[in-house]
Amino acid sequence: MAQPLIQVPEPVRLEISLSPDEWLTVLEIPIDMLPHFSSKPRKWLDYLGYALTGSDGTLSQLRDVEAVACDLDVPIAPGEVYYFHASGNIVFIDPDVFTTVSSHSSQARESGFRNVCDAAHLLAHAKGNEYIKLLTSMRTHEQLVIEEIDDPRNGLFVFSGIHKLMGIGSLAFLQTPIRSLKSSDIHEHAEPDAYRLTTHIFSEDSDARQYHHHGKAASRRSPLPDDWPPEVIFTTLYASAALRIWGKKDCKTRLAGITRKDYYPNDLQDKSAKDEEKKLRREERMKRKQQEPREPDGQDMIMALWSIFHDKAIERAKEAAESKSKQRSTEKVTSWLDEQ
């Protein structure tokens, strides 16, 4: 008997506007994943829209410019599409935020415990000073600028096991409250406005989420220390982790094309300079080849040998043909004389 087909619910889609007439699907999230991240999934999507665009805005189920914001307390149904209408200066997320885990980390062991902790960079050390300066400047509209990648505000003291997950974008921290998202929307018994930092594992594998303590949270009292990581870094990494797991390849490619010049201006300048340098070297080599006598290469040697042996063979063939011709002439004359 044939097994009945299992119908998979349609994912929930989040779209952002690239222009008044063009929308891009940035995330396609399985609906069964939503409860693992928030009890108010529309609020969570609204936060993701803000995190992906770096702009304030409204979440709606309509594309229209005059679209009304949807009720953020209403549950989400399978296959629904949500549009984040940015209302400020847009600074799209860099889809290439994650690089190798920073090699600059220190370890500490407490004498009575086996737990090993790392002082870990949030934005990887490999990104460099220019990157963190550009990112924080653009995404805070110059209200907060971190100029060095080793700034204490770009680090946390974490267990070494999650340090690696942070580096590959499988783990990110959700800071609450933020926008309409309250701490109680993430943790049922939390104070709505109490500052909490929650560990979210971006994996659809329930065992992986459980093993790495998905949803584990830490509270901090206000005011936060001056060297505590700012919201812009947590938000950047959170949006990037969501894009890594639920973003489509064409979406990431499109965003990379849009943001490359903003986040990596030196790379583009270096590439242009290197291309020009390669072109000049290539032209110089061609000029030298034209001016200098060319040394015979392997192919030349083969052709020369072939020519030598081929010419000798032709000469031998000519000599043999002439000899046979003379022999035939002699035989004809001898035969004629014998008949006389």
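Provided above is the structure to which this section pertains.
Residues numbered from 1 in each chain as written. Predicted model: local features only at pLDDT ≥ 70, side-chain atom pairs only at ≥ 80, totals over all residues. Heavy atoms only, no water.

A few words on the pattern of salt bridges. Going through the model one piece at a time under the given rule, you end up with 12 salt bridges. Asp-73 is paired through a salt bridge with Lys-43; the nearest N and O atoms lie 3.6 Å apart. Here Lys-43 lies in helix H1 (residues 41–53) and Asp-73 lies in the loop between strand S3 (57–60) and strand S4 (81–86), a separation of 30 residues in the sequence. Linking Asp-96 and Arg-260 is a salt bridge whose minimum nitrogen-to-oxygen distance equals 3.8 Å. (Salt bridge = Lys/Arg side-chain N within 4 Å of Asp/Glu carboxyl O. Helix = DSSP H or I, 4+ residues; strand = E, 2+ residues; numbered from the N terminus.)

To continue, consider unusual backbone geometry. Each neighbour pair has its own omega, and for Thr-176 with Pro-177 the value is 0°, a cis peptide bond. Locating Pro-177 in the fold gives a position in the loop between strand S8 (171–176) and strand S9 (196–201). With an omega of 0°, the peptide bond running from Ser-222 to Pro-223 counts as cis. Checked against the element boundaries, Pro-223 lands in the loop between strand S10 (217–219) and helix H5 (231–246). The backbone phi angle of His-141 is positive, close to 55°, even though this residue is not glycine. Positive phi outside glycine occurs at His-213, with the angle close to 60°.

Let us look at the pairing of strand S2 (residues 22–29). Residues in a regular strand point their side chains to alternate faces of the sheet. Burial analysis of S2 places six of its eight residues in the buried class, which makes it a mostly covered element. In this sheet, S2 lies alongside strand S1 (residues 12–19) in antiparallel orientation, the contact comprising seven bridges. By the bridge assignment for S2, Leu-14 is matched with Leu-27. The turn linking S1 back onto S2 is made up of two residues. (Buried < 20%, exposed > 50% of the residue type's maximum accessible area, 1.4 Å probe, protein only. Pairing = 2+ DSSP bridges.)

Turning our attention to the sheet that holds S10. One open sheet holds the three strands; their spatial order is S8-S9-S10, and the pairing between them is antiparallel. Single-partner strands in this sheet number two, and they are S8 and S10. Averaged over all adjacent pairs, the angle separating strand axes in this sheet is 20°, with direction ignored. The pairing of S9 with S10 spans three bridges and is classified as antiparallel. The residue of S10 that forms the bridge with Leu-197 is Ala-218. Packing of helix H3 (residues 160–168) onto the sheet brings it into contact with S8 and S9, and relative to S8 it is tilted by some 90°. (Axes fitted to C-alpha atoms, helices over the stretch in contact; angles between N-to-C directions. Contact = heavy atoms within 4.5 Å.)

Within a sheet, neighbouring strands are paired by backbone hydrogen bonds and run either parallel or antiparallel to one another. Taken in spatial order, the four strands of this open sheet run S2-S1-S4-S3, and their pairing is mixed. Only two strands of the sheet have a single neighbouring strand rather than two, namely S2 and S3. When strand polarity is set aside, the average angle formed by the axes of neighbouring strands in this sheet is 25°. Bridge count for S3 against S4 is four bridges, and the pairing is antiparallel. The residue bridging Leu-59 from the neighbouring strand is Phe-84, located in S4.

If you walk through the whole model with that rule in mind, you get 13 aromatic pairs. An angle of 85° between the planes, with centres 6.0 Å apart, marks the rings of Trp-44 and Trp-246 as edge-to-face. Residue Trp-44 is located in helix H1, and its partner Trp-246 is located in helix H5; the two are separated by 202 residues in the primary sequence. Each member of the pair Trp-44 and Trp-246 is classed as buried. Three or more aromatic residues joined by ring pairs form one cluster here, namely Phe-37, Trp-44, Tyr-47, Tyr-50, Phe-202, Tyr-238 and Trp-246. Lying over the aromatic face of Trp-228, Arg-220 brings its terminal NZ or CZ to 4.4 Å of the ring centre. (Phe/Tyr/Trp six-rings, centres within 6.5 Å; stacked < 30°, edge-to-face > 60°. Lys NZ or Arg CZ within 6 Å of the ring centre and 35° of its normal.)

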